[in-house]
Each structure stands twice: as structure tokens, then as C-alpha cells.
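# Commentary on secondary and tertiary structure
Listed here are the chains, written in short residue letters.
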Amino acid sequence: MSTSLRSIRATVLAFVREHDLLPPGPLVVAVSGGTDSVALLLLLSELAPHLGLDLHVAHFDHRLRPRASAADAQFVADLAQSRGATIRIGRADAAPQSEDDARELRYAFLRRAARDVGATLGCGAHLTALRRTRVAAFTLEQAATLDDLANDLRVVPLAVAVA
């Protein structure tokens, strides 16, 4: 591992510990297969033994890209397995009519996945149009960019998202 990767891992680990962000136990990680969520999973899998995390990867197929969705799901499943995480794959019954509908379907799937494994927290990442990765709990209302991570990262307990 390069010095810069070790430095990133050490910095994030220290920050998570200092702010008690990720208590030991099950953690659902939403992974689409894009670079942002893959990077998040890779980092969390490096930190998991140090933090006592039991990672559970959740991948949701919105049925918006029929030809690519099976390949995306297989990629995420293989990645989860290679990192020692369990995998759960969900699929919409039909393609959603709007971005809001897609988000609601995805969040409902993530909440079910979390309940099934006894997780009280979940996280995901999203690369914005500004090319900044946003790291957030499932509700996304309290998301923070990685640029602001040291100053403003809040993880929302899943119980709040479910209520």
C-alpha cells in the first residue's frame, strides 16, 4: 500500500474514532458499482477490523439500464465477496417514473437490508455533478462533501430514517 493510501486510511480512522461515528457491529454500505461507492467500500473494508464493523453490501437495481444492470450487480457481488462482506441485491418491480421514485425505492430497500442484519447505521457515497463525492447516511439530509469531512460529517442513525 502506498504512503498516501496509508495516510488516508489513518486520517479517516482517527477521525471516525475521535467523533465516535461508526460503532462496532453491522453496517450496511450502499454500493452502486460506481467509483464513489466502490472507493467507500474499499476504505471501509480496510477500516472494518480496526473498528469492529461487520460490513453488509446492498446493491439496488432500479431497472433503468436493463443491459448493464446484471453486470453491475455481478461486479458489486464479486467485490463484496473479495472484501469479506455479505451482499444483498434488490431490484425494482418496474422502472421508476422519476428520480424521487427511484430514491424512495432505494431507501426502502436499504432500510429493509439494515433491519434484516440488525444494522442501526448505513452509509453510501454519491459523486455529484461538481465531481465531489458526498458521503451520507441513508436519508442524505445531513450529507457532507469529503472536502468538508473533517469539519462536518454527521451520520444519521437508521432509526431516524425509518421513523
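As the structure is a computational prediction, the values presented were derived from the model and not from experiment.

Bringing the nonpolar core into the picture now. In terms of nonpolar packing, the biggest core is built from 26 residues, with Leu22, Leu27, Val29, Leu44 and Leu55 touching the most fellow members. Of all the elements in the fold, those that place two or more residues in this core are helix H1 (3–18), strand S1 (25–30), helix H2 (35–51), strand S2 (53–61), helix H3 (66–82) and strand S4 (122–127). Setting aside its immediate chain neighbours within four residues, Val29 contacts Leu40, Leu41, Leu44, Leu55, His56, Val57, Ala58 and Cys123. Membership of the second largest hydrophobic core comes to eleven residues, among which are Val28, Ala30, Ala58 and Leu110.

With that out of the way, let us pick up the side chain of His56. Structurally, His56 is set in strand S2. Of note is the side chain of His56, whose polar atom sits 2.5 Å from the side chain of Thr86. Setting aside its immediate chain neighbours within four residues, His56 contacts Pro26, Leu27, Val28, Val29, Thr86 and Val117.

What follows deals with the pattern of salt bridges. One pass over the full model with this rule turns up seven salt bridges. Here Glu46 and Arg9 are joined by a salt bridge, their closest N and O atoms 2.9 Å apart. With a gap of 37 residues between them, Glu46 in helix H2 and Arg9 in helix H1 connect regions that are remote in the sequence. One salt bridge connects Arg103 with Asp100, and the closest N-O pair in it is separated by 2.7 Å. Here Arg103 and its partner Asp100 are both found in helix H4 (residues 99–117), three residues apart, which amounts to about one turn of the helix. Assessed through its relative accessible area of 25%, Arg103 is described here as partly exposed. Three or more residues are tied together by salt bridges with common partners; here these are Arg9, Glu46 and Arg83.

Our next topic: the pairing of strand S3 (residues 86–91). Across six bridges, S2 lies against S3 in parallel orientation. By the bridge assignment, His56 is partnered in S3 with Thr86. As for the winding sense of the linkage, the β-α-β connection from S2 through H3 to S3 is right-handed.

With that out of the way, let us pick up the packing of aromatic side chains. In this structure the tally under the stated criterion is one aromatic pair. Summarising the aromatic geometry, the rings of Phe60 and Phe109 are spaced 5.3 Å apart at their centres and angled 35 degrees between planes, so their arrangement reads as tilted. With Phe60 in strand S2 and Phe109 in helix H4, the pair connects residues that are 49 residues apart, well separated along the chain. Taking relative accessible area as the criterion, Phe60 reaches 12% and is therefore assigned buried.

All right, on to unusual backbone geometry then. Within the chain, Asp20 stands out as a residue other than glycine whose phi angle is a positive 50 degrees. As for its placement among the helices and strands, Asp20 is situated in the loop between H1 and S1. Non-glycine residue Arg63 carries a positive phi angle of around 65 degrees. With respect to the helices and strands, the residue Arg63 is situated in the loop between S2 and H3.

Quick look at H1 now. In a regular helix each residue adds 1.5 Å, so 16 residues correspond to 22 Å; H1 covers 22 Å between its end C-alpha atoms and thus fits that length. Among the residues making up H1, those that are buried are Val12, Leu13, Phe15 and Val16. Buried residues along H1 cover an arc of 165 degrees about the axis, so they all sit on one side. In this structure, H1 carries Thr3 and Glu18 as exposed residues pointing more than 90 degrees from its buried face. The secondary structure elements touched by the buried residues of H1 are H2. Looking one or two places after H1, you find Asp20, whose phi comes out positive at around 50 degrees.

Definitions and limits used
- Residues numbered from 1 in each chain as written.
- Predicted model: local features only at pLDDT ≥ 70, side-chain atom pairs only at ≥ 80, totals over all residues.
- Heavy atoms only, no water.
- Core = buried A, V, L, I, M, F, W, Y, C linked by side-chain atoms within 4.5 Å.
- Buried < 20%, exposed > 50% of the residue type's maximum accessible area, 1.4 Å probe, protein only.
- Helix = DSSP H or I, 4+ residues; strand = E, 2+ residues; numbered from the N terminus.
- Contact = heavy atoms within 4.5 Å.
- Polar contact = N/O pair within 3.5 Å; in protein donor to acceptor, adjacent residues only side chain to side chain.
- Salt bridge = Lys/Arg side-chain N within 4 Å of Asp/Glu carboxyl O.
- Pairing = 2+ DSSP bridges.
- Right-handed = clockwise from strand over helix to strand, strands pointing away.
- Phe/Tyr/Trp six-rings, centres within 6.5 Å; stacked < 30°, edge-to-face > 60°.
- Expected span 1.5 Å × (residues − 1).
- Arc of directions from axis to C-beta.

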